[in-house]
Amino acid sequence: MIRPGPKGTYAAPAIEKAFEILNMLSSHPDGALVSEMATYLDRSVGELFRIVIVLEQLGYLQKSAKSDRYTVAYQLLDLAYRATPAQNLVDAAMPEMRRLALDTGQSCHLVVLNGAQGLVIAREENPGTRGFSLRLGATIDILRSCSGHVILAFLAADRVDPVIAQAEALQDAAIDRAMLTERLATIRSRGFDRRTSPITHGVTDISFPVFGFDGMAMGALTIPFLELIDGSQKVDFETGQTLLRGAADAISATLGFNPQRLSRQSS
């Protein structure tokens, strides 16, 4: 039952608790017991128990038979794909991503803007025995990552500052705006970004924008290029970069992006 809340708003306690549980579990990939959820959310077990059971019955949570720990089920991801434009983007991207992984022998992933963070909505692992990849659903630092900077560089101009401010608030840390502005201008000028991974030795991130029908960036297609010590990777770095550019362009074309049409409209 929805009851009036303060200041003319409405409250639905059970729904609020359900989303609190889902949000909390998103940062606990190994799952949690109901008692642990209660501790994390500062609520009683009684408040959460029935909600957890209903979420499990509906398919949004799954319970480990071994540990009784609950994790978020893939049905939630499926719902998000079907209910948002992400579905069209993933449908357009996956064939090209599979081809890219085969041609380069490297993993690749697709990142979209999700609030003030990046979100991996699709990935294709390298078909060989050695590789590096990000998990599906991983969150990306929009202010410091290669994919994040590509998204910001090609985002609609009026959205950039609000996203940056929101990300700063989320991280409770300010960034050097002048330096970031200069870097985004460089990325726009050359059309992509690449940089040595600040986390993983031997990996260089390469990222190209994916555009929609309206010419706005819908996401960033990225290869965390793993260079093997013995040089036995399938293609060299420059070839991998060229193939990545082609894949991003092909996905954009499937989504209806036509730079010539947009150029004529703006002239």
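Everything below is about the structure shown above.
What counts, and where the lines are drawn
Residues numbered from 1 in each chain as written. Predicted model: local features only at pLDDT ≥ 70, side-chain atom pairs only at ≥ 80, totals over all residues. Heavy atoms only, no water. Helix = DSSP H or I, 4+ residues; strand = E, 2+ residues; numbered from the N terminus. Buried < 20%, exposed > 50% of the residue type's maximum accessible area, 1.4 Å probe, protein only. Contact = heavy atoms within 4.5 Å. Areas by Shrake-Rupley, 256 points an atom, 1.4 Å probe, with all protein chains shown as cover. Salt bridge = Lys/Arg side-chain N within 4 Å of Asp/Glu carboxyl O. Pairing = 2+ DSSP bridges. Polar contact = N/O pair within 3.5 Å; in protein donor to acceptor, adjacent residues only side chain to side chain. Phe/Tyr/Trp six-rings, centres within 6.5 Å; stacked < 30°, edge-to-face > 60°. Lys NZ or Arg CZ within 6 Å of the ring centre and 35° of its normal. Axes fitted to C-alpha atoms, helices over the stretch in contact; angles between N-to-C directions. Parallel < 35°, antiparallel > 145°, perpendicular 65-115°, else oblique. Left-handed = near helix turned anticlockwise from the far one by under 90°. Core = buried A, V, L, I, M, F, W, Y, C linked by side-chain atoms within 4.5 Å.

1. A word on the overall build of the protein chain
Within the protein chain one finds 10 helices and 10 strands. Within the protein chain, buried positions represent 41% of all 267 residues. Of the contacts formed within the protein chain by residues at least 6 apart in sequence, a portion of 54% connects residues at least 24 apart. Accessible surface computed for the protein chain: about 15000 Å², of which carbon and sulfur atoms make up 54%.

2. Remarks on the pattern of salt bridges
This model, assessed by the stated rule, comprises 14 salt bridges. Glu-47 is the salt-bridge partner of Arg-43, the closest N and O atoms lying 3.0 Å from each other. Residue classification places Arg-43 among the partly exposed residues on the basis of a relative accessible area of 24%. The partner of Asp-193 in a salt bridge is Arg-183, and the shortest N-O contact between them spans 3.0 Å. Of this pair, Asp-193 sits in strand 8 (residues 193-196) while Arg-183 sits in helix 8 (residues 177-190), placing them 10 residues apart in sequence. One salt-bridge network, in which partners are shared between bridges, spans Lys-17, Glu-20, Arg-43 and Glu-47.

3. Describing the pairing of strand 6 (residues 117-124)
As paired elements, strand 5 (residues 108-114) and strand 6 share seven bridges and run antiparallel to each other. Its bridge partner lying in strand 6, Leu-110 is registered against Ala-122. Hairpin connection, strand 5 to strand 6: the antiparallel pair is bridged by two residues, and Gly-115 has positive phi, about 70°. The pairing of strand 6 with strand 7 (residues 139-140) spans two bridges and is antiparallel. Residue pairing across strands places Gly-118 opposite Ile-140, the latter belonging to strand 7.

4. Thoughts on the side chain of Thr-104
When you line up the elements, Thr-104 lands in helix 5 (residues 86-104). Within the structure, Thr-104 has its side chain in polar contact with the backbone oxygen of Leu-100 (distance 2.7 Å). Within polar-contact distance, the side chain of Thr-104 engages the backbone nitrogen of Gln-106 at 3.1 Å.

5. Section: the packing of aromatic side chains
All told, the structure shown has four aromatic pairs when counted by the stated rule. The interplanar angle of 75° and the centroid separation of 5.3 Å between the aromatic rings of Phe-225 and Phe-237 together place this pair among those described as edge-to-face. Pair noted here: Phe-225 is in strand 10 (residues 217-226) and Phe-237 is in helix 9 (residues 237-254), with a separation of 12 residues, a long-range link. Each member of the aromatic cluster is reached from another via a ring pair, and the members are Phe-154, Phe-211 and Phe-257. One cation-aromatic arrangement involves Arg-190 over Phe-192; the distance from NZ or CZ to the ring centre is 5.1 Å.

6. Concerning the packing of helix 7 (residues 157-171) against helix 8
Here helix 7 crosses helix 8 at 135°, and the two axes come no closer than 13 Å. Relative to helix 8, the element helix 7 is oriented oblique. For the element pair helix 7 and helix 8, the recorded crossing hand is right-handed. On helix 8, the residues that touch Val-160, Asp-161, Ile-164, Ala-165 and Glu-168 of helix 7 are Arg-177, Leu-180 and Leu-184.

7. Quick word on the sheet that holds strand 8
Read from one edge of the open sheet, six strands run 7-6-5-10-9-8, paired in antiparallel fashion. In this open sheet, the two edge strands, each paired with only one partner strand, are strand 7 and strand 8. Summarising the sheet, strand 9 (residues 203-211) and strand 10 pair through nine bridges and their orientation is antiparallel. For Val-210, the partnering residue across the bridge sits in strand 10 and is Gly-219.

8. Overview of the nonpolar core
Of all hydrophobic cores here, the largest spans 25 residues; its most connected members are Leu-89, Met-97, Leu-110, Val-210, Leu-221 and Ile-251. Tallying contributions element by element places helix 5 first for this core, with seven residues. Filtering out sequence-adjacent residues up to four positions away, Leu-110 remains in contact with Leu-89, Ala-93, Met-97, Leu-119, Val-120, Ile-121, Ala-122, Val-210, Ala-220 and Leu-221.

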